[in-house]
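This is what each chain is made of:
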Amino acid sequence: MAEVALRNVVKRFDEVEAVRSINLDIPDNEFVVLVGPSGCGKSTTLRMIAGLEEVTAGDIYIGGEIVNDLPPKDRDIAMVFQNYALYPHMTAFENMSFGLKLRRFPKDEIKRRVDNAARILDIAELLDRKPKALSGGQRQRVAMGRAIVRNPKVFLFDEPLSNLDAKLRVQMRTEIKRVHQMVKTTTVYVTHDQVEAMTLADRVVVMNGGAIEQIASPHDLYHNPKTRFVAGFIGSPAMNFIRCHMEQNGAGLRARISDKISLPVPASLTARYQPHSGKALILGLRPEHLTEPRRSDRDQNCEFDITLDVVEPMGMETMVYFTVDGQEICGRVDPGSAKGPGEVMRLHANMNHMHLIDPQTDAVL
Amino acid sequence: MTSAALSAPAKRRLGARSSLRRNRRWALITSYVFLVIFAIFFLIPPYYMIVTAFKSDAEVAHMATNPWIIADGITLDQFRILLTQTDFLTFFKNTVIVTLCVVAITMVVSVLAAFSLGRMKFWGSSVLATGIFLTYLVPDTLLFIPLFQIVKAVGLLNSYWGMVLVYPTLTVPFCTWIMIGYFQSIPKELDEAALIDGASHMQMLTKIFIPVALPGIIAAMIFAFTVSWAAFVYPMAFLYSADQQVLTVGTVTSLIRADVYKWGMLMAGALLAAAPPLVIYAFLMDYYIAGLTAGATKG
Ligand SMILES: Nc1ncnc2c1ncn2[C@@H]1O[C@H](COP(=O)(O)OP(=O)(O)OP(=O)(O)O)[C@@H](O)[C@H]1O
Ligand SMILES: [Mg+2]
């Protein structure tokens, strides 16, 4: 039961400015995911909330109070680490109850809380085992149990799933989401995996180079990225960035991407992009919006022929790669319609999902 | 033609495999030869000690008999005389007291020092850690003269409590060094988790670090035990009356009178003196090796 707020928080390690003036408001019970490339300051931000790192400047609020100078134990937070950080000489039960014992909870209360957490996490039979006798996924559950029993104001997760194999990661991801729905608590979750971010978060905070690029819901982040970095970071395979020239075409606009190919800007977007007519810009188009011509929302003007370079069948769909004007572009087509490498294929660009990026500022227009 | 082309590399592969096996056999033979040589080399003195301890004075003195076997029958005379007619038991008691105190002092000091130096990073901690190790490199044969002044100044000359004071100068640096390495191998997230769980630094040490680093602590204890049990230079320099003497020096000084060596009793004394370390090693060897080689605390 607490909201978390960061106000102009800065963290400097000697020369390195790991976090530069971050502002973030997390309402009660929200699940916020910090995502970004390696070294962007996600862990540092989380550790400052936990109290494991001091802030260089700015304020951190938990439940409306400034906690800058409170030690971790007095902040009423619980943290789950990437390497689990279970106490190797204690059983799962002792691991989970350690924090409660130090806080002098009565024995039966401890037992009740641990049993409850074990039931939520489905680890009741493992409580007598030491960490060595647990699998990676089970260790991660115990680590989560250790956080849950404390019933803290805030859960902090630092890449809790990156030591697990791909299949288990997906399973534990669902598990974390389920646990959050059962144990409503404000949660800050750090990951570099954008799929994890998109699936878990109420809101995603995209960080880059120590600063926040954008804070938005997963849906918003995908459809309305604010910067080129966010547009490229969210989505897999990444959004295509294609140099284009905005041309006036009567009342409409066309994005010319090569001598032969120019794509019409939909009427609904014309007004928005009108000021940029005549400029050299970057067209952002996700692979999933570059497909074989499909019957629905088909627009003859958006079709063009290209020669395929590489074809990657993925089962449900096929990735096709081709070059326009020296730039590699990726499309995502139905496996039945894919041609072989070197062959000519007709593609359709769904321009309703286009983004325009100013190459000078990297801002999405 | 195809079969010839196929069999040629196959043969070569077979040849490669058998030469690999031959190679391995030679490596094994060589290592066995050297291991046996070393085992014999190191086991001869203890064997000699055991054999001699169970002989009568007459047989020891008789030059014509084979020194490697007991010809006149096993006798416990040496032990009986040693325990009843010499100060051996006093020496033994003094050594036990000194060793227990030294091990206790060493462990308290070095675990605390290692925890603060290895974990609570503070200004100058790494320089201090190196400095502590450097003091270990100064041999006791150089130190006993200045230490004499100190021991005398605190009034502990010719008292085994003086040993309790000076032995830690030998044990603490090395044990601290072992423990620093051990504590540093414990993942940092473990103390952070404990910190979040609400542990103070002292609780972190007693509830997390000491249990997790137990193999290292046992290794350090064995080291401290061995050093203070076998120390020779300091008791030689600082103790001179029999009631204060320890085993190492006491056995030698009381059983060698001028050029009369009581070989039987010396060996019996050596055997009894070597027994406690042997027993401890036998029980804690695995810990000792694990503690010295790695801080294996994974998961
Ligand atoms: N204790 C430290 N001393 C000096 N620099 C540090 C320290 N901790 C982090 N940094 C630096 O701060 C920056 C941000 O680090 P941080 O660990 O927050 O990155 P991250 O986003 O969590 O990356 P990753 O995904 O790799 O975990 C990095 O450039 C890192 O080198
Ligand atoms: Mg990190």
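Residues numbered from 1 in each chain as written. Chains lettered and ligands numbered in written order. Predicted model: local features only at pLDDT ≥ 70, side-chain atom pairs only at ≥ 80, totals over all residues. Heavy atoms only, no water.

## A closer look at the domain arrangement of chain B
All names here are of chain B. Stated precisely, the cut-off is as follows: Domain ranges listed in this record stem from an automatic or a database domain assignment. Residues are treated as being in contact if the distance between any of their heavy atoms lies within 4.5 Å. By convention, the term buried area covers the 1.4 Å-probe accessible surface removed from two parts as they join, with the contributions of both added. Whenever Lys or Arg places a side-chain nitrogen within 4 Å of a carboxyl oxygen from Asp or Glu, that contact is recorded as a salt bridge.
What the domain assignment reports for chain B is domain 1 (3-53) and domain 2 (86-298). If you look at the interface, domain 1 gives 4 residues, while domain 2 gives 6 residues. Across the domain 1 to domain 2 interface the summed buried area is about 440 Å²; carbon plus sulfur atoms make up 90%. Its largest share of buried area at the contact with domain 2, domain 1 owes to M49, T52 and A53, together 86% of the area lost on that side. Counting across the interface, domain 1 meets domain 2 through 0 salt bridges.

## Some thoughts on the packing of helix α5 (residues 125-136) of chain B against helix α8 (residues 168-184) of chain B
Residues and elements named next belong to chain B. Put simply, the test is: Simply put, an axis is a line fit to the C-alpha atoms, just over the touching stretch for a helix, and the angle between two N-to-C directions goes from 0 to 180 degrees. We count a stretch as a helix when DSSP gives it H or I for four or more residues in a row; a strand needs E for two or more, and each element gets its number in order from the N terminus. Each angle receives one of four descriptions, namely roughly parallel if under 35 degrees, roughly antiparallel if over 145, roughly perpendicular if within 65 to 115, and oblique otherwise. Put simply, a crossing is left-handed when the front helix is turned counterclockwise from the back one by less than a right angle, and right-handed when it is turned clockwise. Amino acids are sorted into nonpolar (Ala, Val, Leu, Ile, Met, Phe, Trp, Tyr, Cys and Pro), charged (Asp, Glu, Lys and Arg) and polar (every other residue, Gly among them).
Between α5 and α8, the least distance of the axes is 8 Å, while the angle of their chain directions is 135°. By the angle between their directions, the pair α5 and α8 is classed as oblique. The crossing of α5 and α8 is left-handed. Taking contact as the criterion, the partners of A129, T130, I132, F133, T135 and Y136 in α5 are, on α8, L170, P173, F174, T176, W177 and I180. Across the contact of α5 with α8, the residue classes tally to 9 nonpolar, 3 polar and no charged.

## A closer look at the domain arrangement of chain A
Residue and element names in this part refer to chain A. In plain terms, the rule: By the criterion applied in these results, polar contacts are pairs of N or O atoms within 3.5 Å in which, for protein atoms, one can donate a hydrogen and the other can accept it, and in which residues neighboring in sequence qualify only through two side-chain atoms.
According to the domain assignment, chain A consists of domain 1 (4-233) and domain 2 (240-357). Placing a centre on the C-alpha atoms of domain 1 and another on those of domain 2 gives a separation of 40 Å. Taken together, the contacts link 7 residues of domain 1 with 8 residues of domain 2. Here domain 1 meets domain 2 over a buried area of about 670 Å², counting both sides, of which 56% is carbon and sulfur. The interface formed by domain 1 and domain 2 holds 0 salt bridges in total. Our count for the domain 1 to domain 2 interface comes out at 2 residue pairs in polar contact (both at pLDDT 80 or more). Class assignment of the residues belonging to the side of domain 1 that touches domain 2 gives a composition of 4 nonpolar, 2 polar and 1 charged.

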